[in-house]
Amino acid sequence: MYKNKIIGVVIPAHNEETQIEQVIATMPDFVDQIIIVDDCSTDRTVEVVKALQKENPHITLLEHAVNKGAGGAMVTAYNFAKSTDLDVVVRMDGDGQMAPKDLPELLDPVVEGRADYSKGNRLFTGEAYQKIPKIRYLPGLAVGIENVSGRC
C-alpha cells in the first residue's frame, strides 16, 4: 500500500527469462500485486515466474497462448486489474530498463489526486541512450523483429 492506495504493477513479458527475476526482486514493498502477462514466450520466462510465485504470493501470472504484442498484453492486464481491488495500476517492462525505485515519483500525482495518469520518460536523463539497445531507436527496423504471425 502506498499512501493508503492499493498498488498493482503490470509487466508485459515476452522472452524475459534473464531479466524478469531482477525486475520482481527490486519491486518496492508497497506494491501489493505484481501482474505478469507472458505474451507467448518461447524461452523460460513462465518457468522463472512460476518459481518466484512459490515464494511471493503477490505475483499473478497470466499467459497468452497466442502472441498479442505489448498492447495486447496490456489489455489482458488491465482487464484483469479491473476485477481486483487495486486503486492504481502501473506498467513496467520486464526487461529491467525501468527502475522500480522511481515508482513514488510516478505514483504521487495520481494518488494525491493531481492527475489521472502519469508517465515516466526514461530518455529524459540521457542515461537511457547508453542502456537501450540501439535498434530501438530505428522504428522501421524494430518492427521487422516482431512476430507478426501471432503464433509463438
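Everything numeric in this text was worked out from a predicted model, so none of it was measured.

### Considerations on the nonpolar core
Here is a general trend for soluble globular proteins: nonpolar side chains tend to be buried in one another's company.
Here's step 1: Ranked by internal contacts, the top residues of the largest apolar core, which has 25 residues, are M27, I36 and L103.
Here's step 2: Put simply, the parts of the chain that give this core at least two residues each are β1 (7-13), α1 (20-25), β2 (33-38), α2 (45-55), β3 (59-63), β4 (88-91) and α4 (103-111).
Here's step 3: Residues within four places of I36 in sequence aside, it is in contact with I11, A13, I20, I24, V49, I59, T60, L61 and L62.

### Regarding unusual backbone geometry
Here's step 1: With a phi angle near 50°, K3 is a residue other than glycine that sits in the positive phi range.
Here's step 2: Along the polypeptide, K3 turns up in the segment before β1.

### Some thoughts on the pattern of salt bridges
Here's step 1: On inspection of all chains with the given rule, the structure shows seven salt bridges.
Here's step 2: Across the pair K50 and E63 runs a salt bridge, and its minimum N-O distance is 3.8 Å. Of this pair, K50 sits in helix α2 while E63 sits in strand β3; the two residues are 13 residues apart in sequence, bridging distant segments of the chain.
Here's step 3: Judged by relative accessible area, which is 47%, E63 ranks as partly exposed.
Here's step 4: Overlapping salt bridges bring together K3, D108, E112 and R114 as one network.

### Thoughts on the environment of A77
Here's step 1: As for its placement among the helices and strands, A77 is situated in helix α3 (residues 69-82).
Here's step 2: Judged by relative accessible area, which is 0%, A77 ranks as buried.
Here's step 3: The spatial distance from the C-alpha of A77 to the C-alpha of V37 is 6.6 Å, given a sequence separation of 40 residues.
Here's step 4: Beyond its immediate stretch of four places on either side in the chain, A77 contacts V10 and V37.

### Focus on the sheet that holds β3
Here's step 1: With respect to topology, four strands assemble into an open sheet ordered β3-β2-β1-β4, the strand pairing being parallel. Two strands in the sheet have a free side with no partner beyond their single neighbour: β3 and β4. Sheet twist, expressed as the mean angle between neighbouring strand axes with direction ignored, is 20°.
Here's step 2: Along the sheet face, α3 touches β1, β2, β3 and β4 and points at about 140° away from the line of β2.

### Structural notes on the pairing of β2
Consecutive side chains along a regular strand alternate between the two faces of the sheet.
Here's step 1: The buried fraction of β2 is high, at six of six residues.
Here's step 2: Burial of the side chains of β2 extends over both faces: Q33, I35 and V37 are buried on one face and I34, I36 and D38 on the other.
Here's step 3: Where β1 and β2 come together, six bridges link them in parallel fashion. The partner of I11 across the bridge, within β2, is I36.

### Some points on the environment of D38
Here's step 1: Checked against the element boundaries, D38 lands in strand β2.
Here's step 2: A relative accessible area of 3% means that D38 is categorised as buried.
Here's step 3: For the pair D38 and A65, spaced 27 residues apart in the sequence, the C-alpha separation amounts to 9.0 Å.
Here's step 4: When sequence neighbours within four positions are dropped, the list of residues in contact with D38 reads A13, T45, V46, L61, L62, E63 and H64.
Here's step 5: There is a polar contact of 2.5 Å between the side chain of D38 and the side chain of S41.

### Brief notes about the packing of aromatic side chains
Here's step 1: Across all of its chains, the model carries one aromatic pair by this definition.
Here's step 2: Their ring planes at 45° and their centres at 4.7 Å tell us that Y2 and F30 sit as a pair that is tilted. Here Y2 is found in the segment before β1, whereas its partner F30 is found in the loop between α1 and β2, with 28 residues between them in sequence.

About the thresholds
Residues numbered from 1 in each chain as written. Predicted model: local features only at pLDDT ≥ 70, side-chain atom pairs only at ≥ 80, totals over all residues. Heavy atoms only, no water. Core = buried A, V, L, I, M, F, W, Y, C linked by side-chain atoms within 4.5 Å. Buried < 20%, exposed > 50% of the residue type's maximum accessible area, 1.4 Å probe, protein only. Helix = DSSP H or I, 4+ residues; strand = E, 2+ residues; numbered from the N terminus. Contact = heavy atoms within 4.5 Å. Salt bridge = Lys/Arg side-chain N within 4 Å of Asp/Glu carboxyl O. Pairing = 2+ DSSP bridges. Axes fitted to C-alpha atoms, helices over the stretch in contact; angles between N-to-C directions. Polar contact = N/O pair within 3.5 Å; in protein donor to acceptor, adjacent residues only side chain to side chain. Phe/Tyr/Trp six-rings, centres within 6.5 Å; stacked < 30°, edge-to-face > 60°.

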